[in-house]
Amino acid sequence: MSSRERILGRVRRALADVPRDDTPYERAVPRDYLREHGERSAEETVELLAENLADYRAIVHRCADGELPKLLARLMAERGSRSVLVPPGLPPHWIAAVDATRVPDRAGSTPHELDRVDSVITGCAVAIAETGTIVLDGGPDQGRRRITLVPDHHICVVRVPGQVVSSVPQALGRLDPARPLTWISGPSATSDIELDRVEGVHGPRTLEVVLVD
Amino acid sequence: MSGTYLGMPAFPEAARAAVRDRTLRGNLRHATHTIRAKRAKAVTEVSDWAELREAGRRIKDHTLRHLDRYLVRVEEAVTAAGGTVHWAADADEANRIVTALVEETGESEVVKVKSMATQEIGLNEALEAAGIRAYETDLAELIVQLGKDRPSHILVPAIHRNRGEIRDIFRAEMSEWGRPAPEGLTDTPAELAEAARLHLREKFLRAKVGVSGANFVVAETGTLVVVESEGNGRMCLTLPETLISVVGIEKIVPTWRDLEVFLQTLPRSSTAERMNPYTSMWTGTTDEDGPRTFHLVLLDNGRTDTLADEVGRQALRCIRCSACLNVCPVYERAGGHAYGSVYPGPIGAILSPQLRGTGSDIDASLPYASSLCGACYEVCPVAIDIPEVLVHLRERVVQGGPATRRGNKVLLKPAKGHAAERAAMRAAQWAFAHPGVLRTGQRLASRTRRFHPRTLPGPGRAWTGSRDLPAVPAEPFRDWWQRTRGGEDGTK
Ligand code: SF4
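Quick notes on the rules
Within any chain, residue numbers begin from 1 and follow the written order of that chain's sequence. By the order in which they are written, chains take letters starting at A while ligands take numbers starting at 1. It should be noted that, the model being predicted, local features are given only for residues of pLDDT at least 70 and side-chain atom pairs only at 80 or more, the latter also being counted only at that level, while totals for whole chains, interfaces and linings use all residues. In computing side-chain properties, one takes all heavy atoms of the structure into account and sets aside hydrogens as well as water. A helix here means a DSSP run of H or I that spans at least four residues, while a strand means a run of E at least two residues long, and both kinds are numbered starting from the N terminus. Remark: exposure states derive from per-residue accessible area (1.4 Å probe, protein chains only) relative to the maximum for the residue type, with buried under 20%, exposed over 50%, and partly exposed in between. Residue contacts are counted whenever heavy atoms from the two residues lie within 4.5 Å of one another. Only the protein chains shown count as cover for residues, and all accessible areas are computed by the Shrake-Rupley method using a 1.4 Å probe. Just so you know, the count uses Lys and Arg for positive and Asp and Glu for negative, and it drops His and the chain ends. Charge positions are represented by NZ for Lys, CZ for Arg, CG for Asp and CD for Glu. Only one rule defines a salt bridge in this text: a Lys or Arg side-chain nitrogen within 4 Å of an Asp or Glu carboxyl oxygen. Near, as used in this document, describes a residue that has one of its heavy atoms within 4 Å of the molecule or strand being considered. Only Asp, Glu, Lys and Arg are considered charged, only Ala, Val, Leu, Ile, Met, Phe, Trp, Tyr, Cys and Pro nonpolar, and every remaining residue, Gly among them, polar. Note on method: axes are straight lines fitted to C-alpha atoms, helices fitted across the in-contact stretch only, with angles between N-to-C directions ranging 0 to 180 degrees. Under this scheme an angle from 65 to 115 degrees is roughly perpendicular, one under 35 degrees roughly parallel, and one over 145 degrees roughly antiparallel; angles in between are oblique. For any helix crossing, the convention is left-handed if the near helix is rotated counterclockwise from the far helix by under a right angle, and right-handed if that rotation is clockwise. Simply put, the buried area is the total loss of 1.4 Å probe accessible area from both parts when two parts are fitted together. By the criterion applied in these results, polar contacts are pairs of N or O atoms within 3.5 Å in which, for protein atoms, one can donate a hydrogen and the other can accept it, and in which residues neighboring in sequence qualify only through two side-chain atoms. Two strands are counted as paired when DSSP detects at least two bridges linking them. Throughout, nonpolar core names a set of buried Ala, Val, Leu, Ile, Met, Phe, Trp, Tyr and Cys residues whose side chains join them through atoms within 4.5 Å. Where each domain begins and ends follows an automated or database-derived domain assignment.

Student: Help me understand the overall build of chain A, please; the structure alone is not making it clear to me.
Tutor: Counting its secondary structure elements, chain A contains six helices and 12 strands. With the C-alpha coordinates of chain A rotated into their principal frame, the extents come out at 70 × 45 × 40 Å. Counting all 213 residues of chain A, 59% fall into the buried class. At a minimum sequence separation of 6, the contacts of chain A that also span at least 24 residues come to 71%. Summing over all exposed atoms, chain A offers an accessible surface of approximately 8,700 Å²; the carbon and sulfur share of this is 49%. Chain A carries 27 positive and 32 negative side-chain charges, and their two centres are separated by 9 Å.

Now the structure itself:
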């Protein structure tokens, strides 16, 4: 007997007490929890996102669409970044003013090559105000998962209010499970040493989020 | 389960030794109290906590009650998404499968995301025996691995180590495993974390095989979810060419939507955060993004035996948040190692004896490693009634009765004043000789709920009798403690 059959057989015997007409899934789970916590206008939701992002030590900026190229150029310059990873679908005008070598997101790049790049700029799929989370789904303006992981500096552009939702339930509704998803709430952190929070163990040590109107 | 540490004394002896260790107790106390207060605050932020908790309980219960169906669905969905599914009836089989998969790649090292399941089966040791080195990449697991130590907490496995000890371990051991600790390393957390970053980055960037567990597997879509903080998980899940995930069969949730419940309750219950820094979700493989080959190993290893127990099966709802450890007065004093299993604390006290059976001294004594104060039940985000299961298992130990072992029905003999009984009595004695435990015992009456009428037979009766003791303290317990045992083991 294969282990598959053995395990399934054990499960079925273990559940001998469960009646066949047990409540179907749709009725088994009460969904009377909230779809979002509190009522907010679109602008208040964006403000809450900014607040919660900052609370988890992401650096938050806000600007109008037209100011984005200047802002990104400034952020890169302030950090002294000389190279930037660019996902294939990143709107070219975003980084038109950036004075750094563009490194395209290629399948063939090795992790060591990525490790030598200073910064990465991406968009996102959705942002969650209540938790201060941005979610990447590998879309054209976000690129492969590893490009937002290996470099030490990640700038993520969120279009507000369109890409912002209030809550986790609302975010899941917008996401496609078939894509690889990365949920990011602040920079990498550990509390393993006497529960003191330290930022930046393995992921990018600096996360900057730009909210663009 | 190969998790009983060899030569491990039963809980009371192990606990007694741990309680005498001042450093350990100081470290534990600091950690559990900090995290406990934070959690309470994080939970009050969510006004619908009770509803979320109830939904979580129902989702998990429903899944367990139809686990055969959902297991098959997971297999279909993962396969359709480009993954390969393997079934492992026990630890040995899981280890054989993973070892063979690594050998197929021709690699002799793997990077690992922290995972309870792989610890439970002793995967690192099995790989080592096959000449494959497994690098733990979670900072705490790294500390444990370098210190040739055992984890003592589900979430913060090195909770028993303070910064000075960690610095010493890094200085002494890092060079054995790869990049040595930087010159002049101090004990500030920032420097220690930086040393770990440099040491591990070297391994991430060259790794070809990653091994992980999962927090959730969505049956409907075949999606796996790993919740973490440091980014080491993302590294292991993204950079290698081959990814092998070993996942207990109880980790399944039926639908994508179910994640909305657990992604709200898990971070708040475990690290007391609104959301943990990183969550990775993947469904099979994705062209040119992440691992090209994905294997899912579905692990039984005693879970179906646990499932067969109508009272005990609720332990399989556990989402390993560790909230119950942080509120447990017994855990706080005894520490994780005393439980002699990878699952310490209240959840360990009910899960380990079910996964492994109550044949050994340590497993027979685990259901007694509790004061039944009920705090664990109150914080549990999936409402596992740990006290109820503890009492049920105590009955099983002293009275014997039907149980399932490796899929077969067996009739356990009652413990006849031998090992189990002695262990039990000593555990009870031990619990009641300790102030915090006793103090919480005073709150018992209101919380013992439905097992009030029960009286345990045999040694259990003596035990039940002693439950009344706390109600009538002759003098404040702290005074008594000072007078009789003060200073002996640094209780204050
Ligand atoms: S038993 Fe409940 S509180 Fe304890 S770790 Fe599991 S889910 Fe968390």
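Student: Got a minute to help me understand the pattern of salt bridges in this structure?
Tutor: Pairs may arise between side chains of opposite charge once their charged atoms sit close together. Under the defined criterion, the tally for this structure stands at 45 salt bridges over all chains. As a salt-bridge pair, Lys148 of chain B and Glu173 of chain B come within 3.0 Å of each other at their nearest N and O atoms. In this pair, Lys148 of chain B sits in the loop between helix 8 (139–146) and helix 9 (163–177) while Glu173 of chain B sits in helix 9, placing the two residues 25 residues apart along the sequence. One connected set of salt bridges, linked through shared partners, spans Arg31 and Arg35 of chain A together with Arg257, Asp258 and Glu260 of chain B.

Student: What am I meant to see in the site of the ligand here?
Tutor: Around the ligand, a shell composed of Cys318, Ile319, Arg320, Cys321, Ser322, Cys324, Ile347, Cys380, Pro381, Val382, Ile384 and Ile386 of chain B is seen. Per-class residue counts for the shell around the ligand are 10 nonpolar, one polar and one charged.

Student: Could you clarify how one ought to interpret the packing of helix 16 (residues 345–356) of chain B against helix 19 (residues 386–399) of chain B in this entry?
Tutor: Two numbers describe a pair of packed helices, the interaxial angle and the distance between the axes. Residue and element names in this part refer to chain B. Where helix 16 contacts helix 19, the two axes come as close as 10 Å, and the packing angle between them is 40°. By the criterion of interaxial angle, the relationship of helix 16 to helix 19 is oblique. Crossing of helix 16 over helix 19 shows left-handed handedness. Contact with helix 16, carried on its side by Pro346, Ile347, Ala349, Ile350, Pro353 and Gln354, involves Ile386, Val389, Leu390 and Leu393 of helix 19 and no other residues of that element. The residue makeup of the contact of helix 16 with helix 19, split by class, is nine nonpolar, one polar and no charged.

Student: I'm lost on the interface of chain B and chain A in this one. Help?
Tutor: If you look at the interface, chain B gives 95 residues, while chain A gives 77 residues. Among the residues chain B hides against chain A, the three largest losses belong to Arg197, Arg234 and Arg274 of chain B. Together they make up 10% of the total. If you look at where chain B meets chain A, you find 14 salt bridges. Among the ionic pairs, Glu194 of chain B bridges to Arg205 of chain A, the shortest N-O distance being 2.5 Å. Scanning the region where chain B abuts chain A turns up 39 residue pairs in polar contact (both at pLDDT 80 or more). No other element matches the 12 residues that helix 10 (residues 189–206) of chain B contributes to the side of chain B that touches chain A. Alignment of strand 9 (residues 181–184) of chain A against strand 9 (residues 278–283) of chain B, held across four bridges, turns out to be antiparallel. Pairing of Leu181 of chain A across the sheet is with Met281 of chain B, part of strand 9 of chain B.

Student: Explain the nonpolar core here, please?
Tutor: The nonpolar side chains of a soluble globular protein tend to be buried with one another. Judged by nonpolar contacts, the single largest core of 150 residues is most densely connected at Trp183 of chain A together with Phe11, Phe170 and Leu259 of chain B. Per-domain counts for this core show at least three residues from each of domain 1 (1–45 + 314–430) and domain 2 (50–301) of chain B. Ignoring anything within four residues of it in the chain, the contact list for Phe170 of chain B reads Leu139, Leu142, Ile143, Leu146, Ala181, Leu185, Leu192, Ala195 and Ala196 of chain B.

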